[in-house]
Amino acid sequence: MIPYQMPSLGADMESGFLREWKVKPGDTVKRGDIIAEVETQKGIIDIEVFDDGIIGELLIKVDDKVPVGTLMTHILTKDEAAAGIKPEKLTVQQAATAVSPPPVQRHIKASPLARKIAEEKGIDLASVKGTGPDGAITREDVERTTQKTVPAERSVSENVRMAVAAAMSKSNREIPHYYLDTTVDMTKSLTWMAEANKKLPLQERLLPVVLILKAAALACREVPDLNAWWENGPVKKDHVNIGFVVSLRSGGLMVPSINDADQKSLAQLMVALNDVIPRARAMKLKSSELVQTTLTVTSLGEGAVESVYGVIYPPQVAILGFGGIHEAPWAENGMLDVRKVMTITLAADHRATDGQTGNRFLLAINKNLQQPEKL
Amino acid sequence: MTRLTYREALKQGLREALQSSDKVFLLGEDVGRYGGSFAVSKGLLQEFGPDRIMDVPLSESGFTGAGIGAALGGMRPIVEIMTVNFSLLAMDQIVNNAATLLHMSGGQLNVPLVIRMSCGIGRQLAAQHSHSWEPLFAHIPGLKVVSAGTHEDARKMIMAALLDPNPVILFEYTAMMNLEADMEDPLPAVDLSKAKLRKSGKDLSLITYGSGVYKCLHAAGELAKEGMEVEVLDLRSLRPIDTEAIVASVRKTHRALMVDDAWQSVSISSEVSARIMENCFYELDAPVQRLNGLEVPMPYPKHLEDAAIVQPSQIVNKVRQMLG
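Below you will find a few notes about this structure. (Residues numbered from 1 in each chain as written. Chains lettered and ligands numbered in written order. Predicted model: local features only at pLDDT ≥ 70, side-chain atom pairs only at ≥ 80, totals over all residues.)

### A look at the overall build of chain B
And step 1. For chain B, the count of helices and strands is 12 helices and 14 strands.
And step 2. The buried share of chain B, reckoned over its 324 residues, is 51%.
And step 3. Partitioning the intrachain contacts of chain B with sequence separation of at least 6 by distance along the chain shows that 79% fall at a separation of at least 24. (Helix = DSSP H or I, 4+ residues; strand = E, 2+ residues; numbered from the N terminus. Buried ≥ 20, exposed ≤ 12 C-beta atoms within 10 Å, placed from the backbone. Contact = placed C-beta atoms within 7 Å.)

This is the structure:
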């Protein structure tokens, strides 16, 4: 009997709404099956099971909002199901208590008067920004808070905006970024791709972006230091899961991950992109596509500006930016030519790596793009 | 309205006191023929005669004791100790006799004595003659201690002190002698037990006394130009301290800055700060702050002396900080 809990779909997720159960008790599931839809700040996400078995009693009602870690159901083995084992039901409350971290006793610097007023008006001082000496909360700060109207329930797109805002603020606050860039001659890659596309049916034709993704994924193998998370120290990751930034029409971003991108052929990457981009725009992503990303790529595509400097998505330690492919004068062997070129930028966490690592990484990508047949 | 110096206000106060009763007389070093070392009693010898304006030998303990004796005998003496610096020599008389006899006699013997002393800093008199010892006297039960930080109080405090049946120490300020100000005429009597709001404001309370009052008023004027409405509370009575007035002011402004020239440790400022904590902690919107003289023997050179005592610009800066 394996407990199934509300998963964490991002470091900043505290709780989620159960919007739909896709299974009922007694259903047989296998690893990777989607069993429910959960709404978070990042939209509605399909959540998967990680074990084979039979679904037990459903412990959470649709539209309940529960903290991460709350027991949702159990996955039973065949024998357990046959024996009619009913898991002991935990109440939401107990489950929440069991998993929520101990409350942090943070001392809030506030004037005695500010405390008194906050208490009278039922304001949580933790939500008030202090402007007094040493950032202390003063009467004025509390009164400013009371004047604000309670924010209306946010729409999904507003939630996405806020999630991006929170992640980017945290990143810029905590991560000492360093930046490198290089401009790459794309002629070989594009010529090779045009030839390859001649042999492919229209719907399977490649786009430059898959070459770029593959080149980056392979570079992660060569320079594994950047395929990592910062978790109180650099932690290199075994899989290369490339997050691909998708802009939403309503504003905001989704970054679905193409898992094991280094193992996929260009054709498979193309299929994966065609699958994931529309789902990202519809906010219908799977949990495994959101929480395992090891490196993010933002690609502006054709006709875009020349370079983009990213903000790292924590806990990752780097983000690659691919500018628009454009024609430019190109000097080589003492001769001047016009080539299709692309500027690649790297923003990386200086806690985890140094410029030399970033340099090797960008050189590796360039090398890969000059050998498109090996991609 | 009449315009007069702080010295002249003191003299008028003394004259009023001497005129009020034959029992009132002034004794002190050089108060008669010399006219007082700061010319406060100049001309009073001619006006009231040697029985009422009495020059005494250089013995603070001796003539203060004589004053206590006269008070016990039914007279209303005003003892002038030339400056606060010499009051240490009279300390035993003040603490062990003047302040204590009512208690020691089981309430039979009160000491209706006024001791005036010129006090404070600002005339390059160096380390032995630049003391701010209000806190020493304010420490002692049995005394009343008042401080004339304005012309009004210089004029009216002597009379009020004389009306008190117990010993009153009256501090006057050397550095302010030539300072001119407009004064109402006639002035109402002062109530020695009450602090006085010299300027009303809503943003912060400057709590001060003595030489700090005009400095604070000056600073408050500067701050008003920047839109900060600062209140100036003149304590006037340093023993007892008018806690009620302090609390009322802090309840209004929620911020307090104490200003005085005395050394900070164990000072009037310390006491006021403690009373604010005890009585209206939950009204505070910022930590109570203090500006005091530096804790060094007073330097002689002018620029170092200035650096050692509170300047109005410091008050302005401190208030700016506190109001963010």
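### Brief notes about the overall build of chain A
And step 1. Helix and strand content of chain A: 9 helices and 20 strands.
And step 2. Residue burial in chain A is summarised as follows: out of 375 residues, 35% are buried.
And step 3. Residue pairs at least 24 apart in sequence account for 63% of intrachain contacts in chain A once pairs closer than 6 positions are excluded.

### Some thoughts on the environment of B:E152
Residues and elements named next belong to chain B.
And step 1. Here E152 lies in helix α7 (residues 151–162).
And step 2. We classify E152 as buried; it has 20 C-beta atoms within 10 Å.
And step 3. In this structure, the C-alpha to C-alpha distance between E152 and A9, residues 143 residues apart in sequence, is 7.5 Å.
And step 4. Those residues in contact with E152 that lie beyond four places of it in its chain are M183 and L187.

### Description of the packing of helix α3 (residues 112–121) of chain A against helix α4 (residues 139–147) of chain A
Residues and elements named next belong to chain A.
And step 1. Closest axis-to-axis distance for the α3/α4 pair is 8 Å, and the angle between their directions is 20 degrees. When the axis of α3 is compared with that of α4, the two are roughly parallel. Of the residues in α4, those in contact with L113, A114, I117, A118 and K121 of α3 are R139, D141, V142, E143 and T146.
And step 2. Taken together, the residues of the contact of α3 with α4 sort by class into 5 nonpolar, 1 polar and 4 charged. (Axes fitted to C-alpha atoms, helices over the stretch in contact; angles between N-to-C directions. Parallel < 35°, antiparallel > 145°, perpendicular 65-115°, else oblique. Nonpolar A, V, L, I, M, F, W, Y, C, P; charged D, E, K, R; others polar.)

### Examining the interface of chain A and chain B
And step 1. The interface of chain A with chain B comprises 10 residues on the first partner and 9 residues on the second.
And step 2. The element that contributes the greatest number of residues to the side of chain A that touches chain B is α3(A), accounting for 4 residues.
And step 3. Of the residues assigned to the side of chain A that touches chain B, the class counts are 4 nonpolar, 4 polar and 2 charged.

### A short note on the nonpolar core
And step 1. Within the largest apolar cluster, 107 residues are counted, with the highest numbers of intra-cluster contacts made by B:M157, B:A161, B:L170, B:L206 and B:V319.
And step 2. Once you skip the residues sitting within four places of it in the chain, B:M157 turns out to touch B:G13, B:V146, B:A148, B:L170, B:V190 and B:L192.
And step 3. Counting 76 residues, the second largest nonpolar core, distinct from the first, contains A:I47, A:A228, A:I242 and A:M283. (Core = buried A, V, L, I, M, F, W, Y, C linked by C-beta atoms within 7 Å.)

### Concerning the pairing of strand β4 (residues 34–40) of chain A
Residues and elements named next belong to chain A.
And step 1. With 4 bridges joining them, strand β2 (residues 15–21) and β4 adopt antiparallel strand pairing. When the bridges of β4 are listed, W21 appears paired with A36.
And step 2. Pairing between β4 and strand β5 (residues 43–48): 6 bridges, direction antiparallel. Note that in β5 the partner of E37 across the bridge is D46.
And step 3. Counting the residues that bridge the hairpin from β4 to β5 gives 2 residues. (Pairing = 2+ DSSP bridges.)

### Re the packing of helix α9 (residues 243–253) of chain B against helix α10 (residues 268–280) of chain B
Residues and elements named next belong to chain B.
And step 1. It is at 10 Å that the axes of α9 and α10 come closest, and there the two elements cross at 70 degrees. In terms of orientation, α9 lies roughly perpendicular with respect to α10. α9 and α10 meet at a crossing whose hand is right-handed. From α9, T243, I246, V247, V250 and R251 reach across to α10, where they touch V272, R275, I276, N279 and C280.
And step 2. Counted by class, the contact of α9 with α10 contains 6 nonpolar, 2 polar and 2 charged residues. (Left-handed = near helix turned anticlockwise from the far one by under 90°.)

### A word on the sheet that holds strand β9 (residues 196–199) of chain B
Paired through backbone hydrogen bonds, the strands of a sheet run either parallel or antiparallel to each other.
Residue and element names in this part refer to chain B.
And step 1. Sheet architecture is open: 5 strands sit in the order β9-β11-β10-β13-β14, paired in mixed fashion. The open sheet has two free edges, formed respectively by β9 and β14 (289–293), since each of these has just one partner strand. Taking the axes of each pair of neighbouring strands and ignoring which way they run, one obtains an average angle of 25 degrees across the sheet.
And step 2. Where α10 meets the sheet, it contacts β10 (204–208), β13 (256–263) and β14, and its direction lies at approximately 155 degrees from that of β13.

### Details of the sheet that holds strand β8 (residues 71–76) of chain A
Residues and elements named next belong to chain A.
And step 1. Taken in spatial order, the 4 strands of this open sheet run β1-β8-β6-β3, and their pairing is antiparallel. At either end of the open sheet lies a strand with only one pairing partner, and these are β1 (2–5) and β3 (28–29).
And step 2. Taken together, the 4 bridges between β1 and β8 define a ladder with antiparallel strand orientation. Counted as the bridge partner of Y4 is T73 from β8.

### Observations concerning unusual backbone geometry
And step 1. The amide bond that connects A:P314 to the next residue, A:P315, takes the cis arrangement and shows omega of 5 degrees.
And step 2. Among the secondary structure elements, A:P315 is positioned in the loop between β17 (295–299) and β18 (318–322).
And step 3. Cis rather than trans, the peptide bond between B:D185 and B:P186 has omega equal to 0 degrees.
And step 4. The residue B:P186 is located in the loop between β8 (180–183) and β9 in this model.
And step 5. Positive phi is not limited to glycine here, since B:Q124 has a value of about 55 degrees.
And step 6. Note that B:Q124 resides in the loop between β5 (114–119) and α6 (134–138).
And step 7. Here the phi dihedral of B:R236 falls at roughly 60 degrees; this positive angle occurs in a residue that is not glycine.

### So, helix α12 (residues 312–322) of chain B
Residue and element names in this part refer to chain B.
And step 1. Inspection of α12 places I315, V316, V319 and M322 among the buried residues, and these make up the whole buried set. In an axial view of α12, the angular spread of the buried residues amounts to 130 degrees, which keeps them on one side of the axis. Along α12, the residues that are exposed and aim more than 90 degrees away from the buried face are S313 and Q321.
And step 2. Where the residues of α12 are buried, they touch β10, α8 (212–225), β11 (230–234), β13 and β14.
And step 3. After α12 finishes, the residue G324 shows a positive phi value of roughly 65 degrees. (Arc of directions from axis to C-beta.)

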